[in-house]
Amino acid sequence: MKITSVKAYVVNPELGDSPFIKDDWQWTYVVIDTDEGISGWGESSNVPRKGSHISAHGISIVEDALVGKDPSDIEHIWHTIYRNYTYLGSRGFPTTLLSGIDIALWDLKGKVLNLPIYDLLGGKVRENVPLYANGWFDGCLTPEEYADAAKKIIANGHDTIKLDPFLEMIPFHTTYIDGKISKKGENEGYEIVSAVRESVGKNVNILIDAHGNFDVPTAVRLSNKLYEDSDIGWFEEPVPPESFHALENFRNQTFAPVCVGERLFTRWDFQHVLENNLADYIMPDVTWSGGISELRKISNLSELYYIPISPHNAQGAGQILAGAHIGMHVPNFYKLEHCISFIPGYNEFLKEPINFDGNKLVMPKGPGLGIDLDMEKLIYKLHEDWK
Ligand SMILES: [Mg+2]
C-alpha cells in the first residue's frame, strides 16, 4: 500500500459563545489517501489567530515527502517528518503537522486491520473514557451565572469541571505582558470560584486554568487563595510555558496541585517536568505534541513517575477521538478534557455522533478512530480562505 495524497481541510466549526472563542478559530482536519482506496483522517488544528491555517499550509508542503511511502510504517514516517523540520524548532509547529499525519496513519492502520486504535496499542484497560467538563459556562459573566451553569453541568452527570475565573485576562493565552491582574479582576475571580463551590458542594472537583497569564508572585497568590478558600483540584499553567525555572519557583510556593503541558511538546519537554517534580498532572495535547504515537510515549514516561496524564482537548473531533483511544489504553490516565459547547462542532463533520454519557465518552465500535469524517459536510464548511 502506498500513500497517494495528504490533504488538509480548514473548516469553520459550530462553536458556542465561550470566552475562549473569537471569530478566527478554525479546525484543520487531515486526510491521507492510498492506492488501495482506504483513507485515514486526523487533526492538526491550532488556535487561535488562524493557527489552523498555518498548520494546513505546512501539511500541504509536507505532502511531497509522504506520497509513495508505505502508510503502515508510522514510526518511520514520524521520525522522518520530525527530523526534516528540526530547524523549525522540532517542537510546536513541526509536531502539530506530525500530529494530524500520525493520527490519520493510526486510523488508516485500524481500518486495514479492522481494529480500533486502542486495540492496536495493546488493548483496553477500562471500558470507557472518563471526562472532565470545560466550556460549560458560555455567556456567563457574574458569580451567580457561573453558579447556575455549574449546577446544571453537575446535574448532567459531571463530577469534575474546569474554568478560568479571571475574566479580566480575556482573550486568554495571548495577553501576557507583565503577568499582573488588577485587584478588582482578582477579587472577581475569587467570587466566581467561591460561588461555584457553594453551588456544587464539596464533592465536585473544580479545576482552574490560569492560561499562563501570570508572573510567579501573582500565580502563587491566586493559587493559594483559591486552594485555601475553595479547595481547587489543580491550578493549570500558572506561568507562561517558556521558563521551567519559573514553574519550579511557583511549585515551591504553592499549596495547590499543579497541571501543565498543553504548550509542551514531545517526550523531551515532559521529561524535564517529570524529572524535576514540577507537576501533579501533565496534559499533553494529541494534536500538538506529536499525535497518538507521541502521546503514548509521554504517557508511558509519566507512568514511571506515577504521574497521571489528562490530555488537553479544546479543538475538534479528531482530537477528542484520538485522546479517547489513549484514554482506553493507558493505565495512568486521569480524565480527558471535554468542551461541552463544542459537541455540535464535533458532530457536524462526522458520519455518526460521538456518544457522550455524562462524565464518560463511550467508545465507538468502528475500526481506527471509530467514526469517519463526512467529507461532504467538511467541504461544505471549508473556511473561505481555504476553498
Ligand atoms: Mg489550559
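About the thresholds
Residues numbered from 1 in each chain as written. Predicted model: local features only at pLDDT ≥ 70, side-chain atom pairs only at ≥ 80, totals over all residues. Heavy atoms only, no water. Axes fitted to C-alpha atoms, helices over the stretch in contact; angles between N-to-C directions. Helix = DSSP H or I, 4+ residues; strand = E, 2+ residues; numbered from the N terminus. Parallel < 35°, antiparallel > 145°, perpendicular 65-115°, else oblique. Left-handed = near helix turned anticlockwise from the far one by under 90°. Contact = heavy atoms within 4.5 Å. Nonpolar A, V, L, I, M, F, W, Y, C, P; charged D, E, K, R; others polar. Donors = N, O, S within 2.8 Å, 3.2 Å for Na, K, Ca; no water. Buried < 20%, exposed > 50% of the residue type's maximum accessible area, 1.4 Å probe, protein only. Salt bridge = Lys/Arg side-chain N within 4 Å of Asp/Glu carboxyl O. Domains from an automatic or database assignment. Buried area = accessible area lost by both parts, 1.4 Å probe. Lys, Arg positive; Asp, Glu negative; His and termini not counted. Polar contact = N/O pair within 3.5 Å; in protein donor to acceptor, adjacent residues only side chain to side chain. Expected span 1.5 Å × (residues − 1). Core = buried A, V, L, I, M, F, W, Y, C linked by side-chain atoms within 4.5 Å. Arc of directions from axis to C-beta. Pairing = 2+ DSSP bridges.

1. Here we look at the packing of helix α1 (residues 51-66) against helix α2 (residues 74-84)
Thought 1: One way to put it is that α1 packs onto α2 with a least axis distance of 11 Å and a crossing angle of 125 degrees. As judged from the angle between their axes, α1 and α2 are oblique. Here the hand of the crossing between α1 and α2 comes out right-handed. Across the interface between the two elements, V62, A65 and L66 of α1 pack against I77, I81 and N84 of α2.
Thought 2: Class assignment of the residues belonging to the contact of α1 with α2 gives a composition of 5 nonpolar, 1 polar and no charged.

2. A word on the coordination of the magnesium ion
The expected angle between donors at a tetrahedral four-coordinate metal is 109.5 degrees. At an octahedral six-coordinate metal it is 90 or 180 degrees.
Thought 1: D209 (OD), E236 (OE) and E262 (OE) make up the full set of protein donors to the magnesium ion, lying at 2.0 to 2.2 Å.
Thought 2: One chain supplies every donor for the magnesium ion, spaced along it as D-x26-E-x25-E. Of the two residues, E236 is situated in strand β7 (residues 234-236) and E262 in the loop between β8 (258-260) and α9 (266-275); the sequence distance between them amounts to 26 residues. The same class applies to E236 and to E262, which are both buried.

3. Quick word on the pattern of salt bridges
Side chains that carry opposite charge are capable of pairing whenever their charged atoms lie near each other.
Thought 1: Tallied over the entire structure, the rule returns 21 salt bridges.
Thought 2: A salt bridge links E14 to K381; the shortest N-O distance between them is 3.5 Å. Separated by 367 residues along the polypeptide, E14 in the loop between β1 (3-11) and β2 (27-34) and K381 in the segment after α13 (375-380) bring together distant segments of the chain.
Thought 3: In this structure, the salt-bridge partner of K111 is D372, at a minimum N-O distance of 2.9 Å. In this pair, K111 sits in helix α3 (residues 93-113) while D372 sits in the loop between β12 (360-362) and α13, placing the two residues 261 residues apart along the sequence.
Thought 4: On the basis of relative accessible area, D372 is assigned to the partly exposed category, the value being 29%.
Thought 5: Salt bridges sharing common partners tie together K162, D209, E236 and E337.

4. A look at the domain arrangement of the protein chain
How big an interface is tends to be reported as the loss of accessible area on association of its parts.
Thought 1: Here the domain parsing of the protein chain yields domain 1 (3-115) and domain 2 (120-362).
Thought 2: Look at where the C-alpha atoms of domain 1 and domain 2 centre, and you get two points 24 Å apart.
Thought 3: The interface of domain 1 with domain 2 comprises 40 residues on the first partner and 43 residues on the second.
Thought 4: Across the domain 1/domain 2 interface, buried area totals approximately 3,300 Å², and carbon plus sulfur atoms make up 66% of it.
Thought 5: At the boundary of domain 1 with domain 2, the tally comes to 2 salt bridges.
Thought 6: For the side of domain 1 that touches domain 2, the element with the highest residue contribution is α3, accounting for 9 residues.
Thought 7: By residue class, the composition of the side of domain 1 that touches domain 2 is 19 nonpolar, 11 polar and 10 charged.

5. Quick look at the side chain of D285
Thought 1: Relative to the elements of secondary structure, D285 occurs in the loop between β9 (281-282) and α10 (291-304).
Thought 2: Here D285 is buried and forms no salt bridge, its nearest opposite-charge partner K162 lying at an N-O distance of 9.7 Å.
Thought 3: Reaching out from D285, the side chain makes a polar contact with the side chain of T287 at a distance of 2.6 Å.
Thought 4: Every residue in contact with D285, bar those within four places of it in the chain, is listed here: E262, L295, H312, Q315 and Q319.

6. Describing α3
Thought 1: With 21 residues, α3 ought to run about 30 Å at 1.5 Å a step, and its terminal C-alpha atoms sit 31 Å apart, in line with that.
Thought 2: Of all 21 residues in α3, 16 are buried; the element is thus mostly enclosed.

7. So, the nonpolar core
Thought 1: With 112 residues, the main nonpolar core has W136, I161 and F235 as its most contacted residues.
Thought 2: In terms of residue count, α3 provides more of this core than any other element does, 8 residues in total.
Thought 3: Of the residues that make up this core, three or more belong to each of domain 1 (3-115) and domain 2 (120-362).
Thought 4: Membership of the second largest hydrophobic core comes to 7 residues, among which are L207, C259, Y281 and M283.

8. Digging into α2
Thought 1: Every buried residue of α2 is listed here: I74, I77, W78, I81 and Y82. Taken end-on, α2 shows its buried residues confined to a sector of 125 degrees, consistent with a single buried face.
Thought 2: Summarising the contacts, the buried residues of α2 are in contact with β1, α1, α3, α9 and α10.

9. Side note on the sheet that holds strand β3 (residues 39-43)
Thought 1: Pairing in this open sheet of 3 strands is antiparallel, and the strands run β1-β2-β3 from one edge to the other. Lying at the two open borders of the sheet, with one neighbouring strand each, are β1 and β3. Adjacent strand axes in the sheet meet at a mean angle of 20 degrees, parallel and antiparallel pairs treated alike.
Thought 2: Two strands pair when backbone bridges link them, and β1 and β2 are joined in this way by 8 bridges, in the antiparallel orientation.

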